[in-house]
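Okay, here's what each chain looks like letter by letter:
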Amino acid sequence: MKLLVAALESELVAFSGPLDGFDRLVTGPGKLKATYGLTRALDAGTYDEILVVGTAGALDPELDAGVYEIDVAFQHDVRDEEGVAGQHVSMPPRMILGIGTTTIATGDSFIDDADAVVGIRALGGQLVDMESYAYAWVATQFGVPIRIWKAVSDRAQDDANTTWNEAVTACSHQLRDRVRDEFGV
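Residues numbered from 1 in each chain as written. Predicted model: local features only at pLDDT ≥ 70, side-chain atom pairs only at ≥ 80, totals over all residues. Heavy atoms only, no water.

Q: Explain the overall build of the protein here, please?
A: Scanning the protein from N- to C-terminus turns up four helices and eight strands. When its helices and strands are written in sequence order, the protein yields β-β-α-β-β-β-β-α-β-α-β-α. For 185 residues, the compact-globule formula gives about 16 Å, and the C-alpha radius of gyration of the protein, at 15 Å, lands near that figure. Each principal axis of the C-alpha distribution contributes one length, and for the protein these read about 45 × 35 × 25 Å. Counting the 185 residues in the protein, one finds 50% classified as buried. At a minimum sequence separation of 6, the contacts of the protein that also span at least 24 residues come to 72%. Here the protein displays about 8500 Å² of accessible surface, and carbon together with sulfur accounts for 49% of that area. On the protein, the mean spot of the 14 positive side-chain charges and the mean spot of the 29 negative ones are 4 Å from each other. (Helix = DSSP H or I, 4+ residues; strand = E, 2+ residues; numbered from the N terminus. Rg over C-alpha atoms; globule rule 2.2 N^0.38 Å. Buried < 20%, exposed > 50% of the residue type's maximum accessible area, 1.4 Å probe, protein only. Contact = heavy atoms within 4.5 Å. Areas by Shrake-Rupley, 256 points an atom, 1.4 Å probe, with all protein chains shown as cover. Lys, Arg positive; Asp, Glu negative; His and termini not counted. Charge placed at Lys NZ, Arg CZ, Asp CG, Glu CD.)

Q: Looking at this structure, I do not really get the nonpolar core. What am I missing?
A: What tends to happen in soluble globular proteins is that the nonpolar side chains get buried as a cluster. Formed by 31 residues in total, the largest nonpolar core has its most connected members in Leu 38, Ile 50 and Leu 127. At the level of elements, strand E1 (2–6), helix H1 (31–44), strand E3 (49–58), strand E4 (67–75), helix H3 (132–142) and strand E8 (146–154) are the ones that each hand at least two residues to this core. For this core, the leading source of residues is H3, giving six residues. If sequence neighbours within four positions are ignored, Ile 50 has contacts with Leu 3, Val 5, Leu 38, Leu 42, Ala 139, Val 144, Pro 145, Ile 146 and Arg 147. By size, the runner-up hydrophobic cluster in this structure holds 14 residues, among which are Leu 4, Ala 151, Ala 167 and Leu 175. (Core = buried A, V, L, I, M, F, W, Y, C linked by side-chain atoms within 4.5 Å.)

Q: Looking at this structure, I do not really get the pairing of E3. What am I missing?
A: Two faces, one strand: in a regular strand the side chains alternate between the faces of the sheet. In terms of burial, E3 is largely enclosed, as 10 of its 10 residues are buried. Examined bridge by bridge, E1 and E3 share four bridges and lie parallel to one another. Bridge pairing in E3 links Lys 2 to Glu 49. Relative to E8, E3 runs parallel, the two being bridged by eight bridges. Across the sheet, residue Ala 56 finds its bridge partner in E8, namely Val 152. Sheet topology note: the E3/strand E7 (residues 127–129) ladder contains two bridges and is antiparallel. Across the sheet, the residue bridging to Ala 58 is Leu 127, located in E7. (Pairing = 2+ DSSP bridges.)

Q: Looking at this structure, I do not really get the environment of Ile 111. What am I missing?
A: Structurally, Ile 111 is set in the loop between strand E6 (102–106) and helix H2 (114–122). The spatial distance from the C-alpha of Ile 111 to the C-alpha of Leu 59 is 9.7 Å, given a sequence separation of 52 residues.

Q: In this structure, what is going on with the pattern of salt bridges? I would like to understand it.
A: A side chain with one charge may pair with a side chain of the opposite charge, provided their charged atoms come close. In the structure shown here, the tally under the stated rule is eight salt bridges. Across the pair Lys 2 and Glu 49 runs a salt bridge whose closest N-O atoms are separated by 4.0 Å. With Lys 2 in strand E1 and Glu 49 in strand E3, this pair connects stretches of sequence that are 47 residues apart. Look at Lys 2 and you get partly exposed, because its relative accessible area is 23%. Given a relative accessible area of 14%, Glu 49 falls into the buried group. The salt bridge involving Arg 147 is made with Glu 182; its shortest N-O contact spans 3.0 Å. Of this pair, Arg 147 sits in strand E8 while Glu 182 sits in helix H4 (residues 160–183), placing them 35 residues apart in sequence. When salt bridges with common partners are traced through the structure, they connect Glu 69, Arg 147, Arg 178 and Glu 182 into a single cluster. (Salt bridge = Lys/Arg side-chain N within 4 Å of Asp/Glu carboxyl O.)

Here you go:
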């Protein structure tokens, strides 16, 4: 059995009804809710694989609309004892999934301004979201393989929140098509 995970119900709007071979989990937005929700699910059940689907803001101008598989996740909103951005005092600096080709920066705030984009891009982020690092870390703690697919919803610039609200349904349909193509369900 696989576990299909999203932060928000709206990211699953195109996933009507159950999918054969998948349980479904909606955690809520942000790193803490993602950690709590996925930990509870993995503590209660056994899964062969986790598939996270959701939206992300594009930081890299070369990433157009579409679905990207995440290779590396890091936290853009932390600093270590020396003040190094993107480095946590006790967590791994990067969660390497080793599957996709895209690096995602995770933080607990919605990114919607150009200055923030510049700072996160300097750390290596191509996409930005609020949960991927947490999901990857929890999956690693439980030894469950994880894949993360993110559909580009906005450019993480001014008015990104408005753009996201308009784009989330289209992103959900792109993600549903990808699941259908990959898993046949």
